[in-house]
Amino acid sequence: MPDIAHHLTRLLQLYTYPVLLLLVLLESLGIPLPGEIALVTASAYASNGHISIYIVILLAAIGASVGGVLGYWIGIKGGLPLVVRYGGYVGVRKSHMDRAHAYFERNGARTVLFGRFIALLRTWAAVIAGAASMSFTKFVAYNTIGSIVWAIAFGLLGYYFGRDLALLERYISHASFAVLFAVAIGVVVFVVIKERSGSSNGPA
């Protein structure tokens, strides 16, 4: 693993733009690669004046958006057989798919939007959304918004804190935890509101 990390770092130093675009795109379509680390690393290079932070953020947003759409089509074409065959490797079971379609119709937009900030969701949200037949128009809208916000947020983190890697890692950890916590709170609030709404609409 250290050798792989070393080679990726070396590739980023030599071919920053294409390697960044490729890693982010592949991670977003379902292949567990360090796209976020590549974005932060490239942004740190930009802080030293070697490359443009604007191009870094643009390429990351494009890679994430396009990769998400490709992942969606992999999911919608592969569907349940894809999940049955490979889902076990990432904790997705066949039984989950019975509820997947309804779940993504209600909550898919939130998952796609905020999942960009959480490692496992960033890799698989698009594929599962496709397998669950989430509306393509809705998916593209929220995937694009999430990709742009993610690219800007972590691009600027890498740019402004790139000279202090220890501090940068701490900020990234806190940011990811904060987003995960916010999503959890949002789900709880949503469930409570739905239950209260159902009770108020019940028989008098």
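Coordinates for the structure precede this section.
We now turn to the structure provided with this report. (Residues numbered from 1 in each chain as written. Predicted model: local features only at pLDDT ≥ 70, side-chain atom pairs only at ≥ 80, totals over all residues. Heavy atoms only, no water.)

### Some points on the nonpolar core
Moving on, step 1. Leu12, Leu20, Leu39, Val56, Trp150, Ala151 and Phe154 are the most contacted members of the largest nonpolar core, which has 24 residues in total.
Moving on, step 2. Contributing elements (two or more residues each) for this core: helix H2 (16-28), helix H3 (35-47), helix H4 (53-86) and helix H7 (136-161).
Moving on, step 3. Examining the composition of this core, we find that seven residues originate from one element, H4, more than from any other.
Moving on, step 4. Formed by six residues, the second largest nonpolar core is a distinct cluster that contains Ala126, Ala129, Met134 and Phe139. (Core = buried A, V, L, I, M, F, W, Y, C linked by side-chain atoms within 4.5 Å. Buried < 20%, exposed > 50% of the residue type's maximum accessible area, 1.4 Å probe, protein only. Helix = DSSP H or I, 4+ residues; strand = E, 2+ residues; numbered from the N terminus.)

### Observations concerning the environment of Val56
Moving on, step 1. With respect to the helices, strands and loops of the structure, Val56 is situated in helix H4.
Moving on, step 2. Sequence separation between Val56 and Thr16 is 40 residues, and the spatial gap between their C-alpha atoms is 8.6 Å.
Moving on, step 3. Setting aside its immediate chain neighbours within four residues, Val56 contacts Tyr17, Leu20, Leu39, Ala42, Ser43 and Ile51. (Contact = heavy atoms within 4.5 Å.)

### So, H3
Moving on, step 1. Helix length check: H3 (13 residues) gives 19 Å between terminal C-alpha atoms against 18 Å at 1.5 Å per residue, within 8%.
Moving on, step 2. In terms of residue burial, H3 counts as a mostly covered element, since eleven of its 13 residues are buried.
Moving on, step 3. For H3, the set of buried residues is Gly35, Glu36, Ala38, Leu39, Val40, Ala42, Ser43, Ala44, Tyr45, Ala46 and Ser47.
Moving on, step 4. One or two residues past the end of H3 sits Gly49, with phi positive at roughly 85 degrees. (Expected span 1.5 Å × (residues − 1).)

### Here we look at a nonpolar patch on the surface
Moving on, step 1. On the surface, Leu58, Ile62, Val66 and Leu70 cluster together to form a nonpolar patch covering roughly 320 Å² of accessible area.
Moving on, step 2. By the element assignment, Ile62 lies in helix H4. (Patch = residues over 30% accessible without salt bridge, like charges linked within 9 Å, V, L, I, M, F, W, Y side chains within 5 Å. Areas by Shrake-Rupley, 256 points an atom, 1.4 Å probe, with all protein chains shown as cover. Salt bridge = Lys/Arg side-chain N within 4 Å of Asp/Glu carboxyl O.)

### Some thoughts on the packing of H3 against H7
For any two helices packed against each other, one specifies the crossing angle of their axes together with the interaxial distance.
Moving on, step 1. The interhelical angle for the contact between H3 and H7, taken along N-to-C directions, is 50 degrees, at an axis separation of 7 Å. As judged from the angle between their axes, H3 and H7 are oblique. Seen from above, H3 lies across H7 with right-handed handedness. Residue-level inspection shows Gly35, Glu36, Leu39, Val40, Ser43, Ala44, Ala46 and Ser47 of H3 in contact with H7, the latter providing Trp150, Ala151, Phe154, Gly155, Gly158 and Tyr159.
Moving on, step 2. Partitioned by chemical class, the residues of the contact of H3 with H7 number eight nonpolar, five polar and one charged. (Axes fitted to C-alpha atoms, helices over the stretch in contact; angles between N-to-C directions. Parallel < 35°, antiparallel > 145°, perpendicular 65-115°, else oblique. Left-handed = near helix turned anticlockwise from the far one by under 90°. Nonpolar A, V, L, I, M, F, W, Y, C, P; charged D, E, K, R; others polar.)

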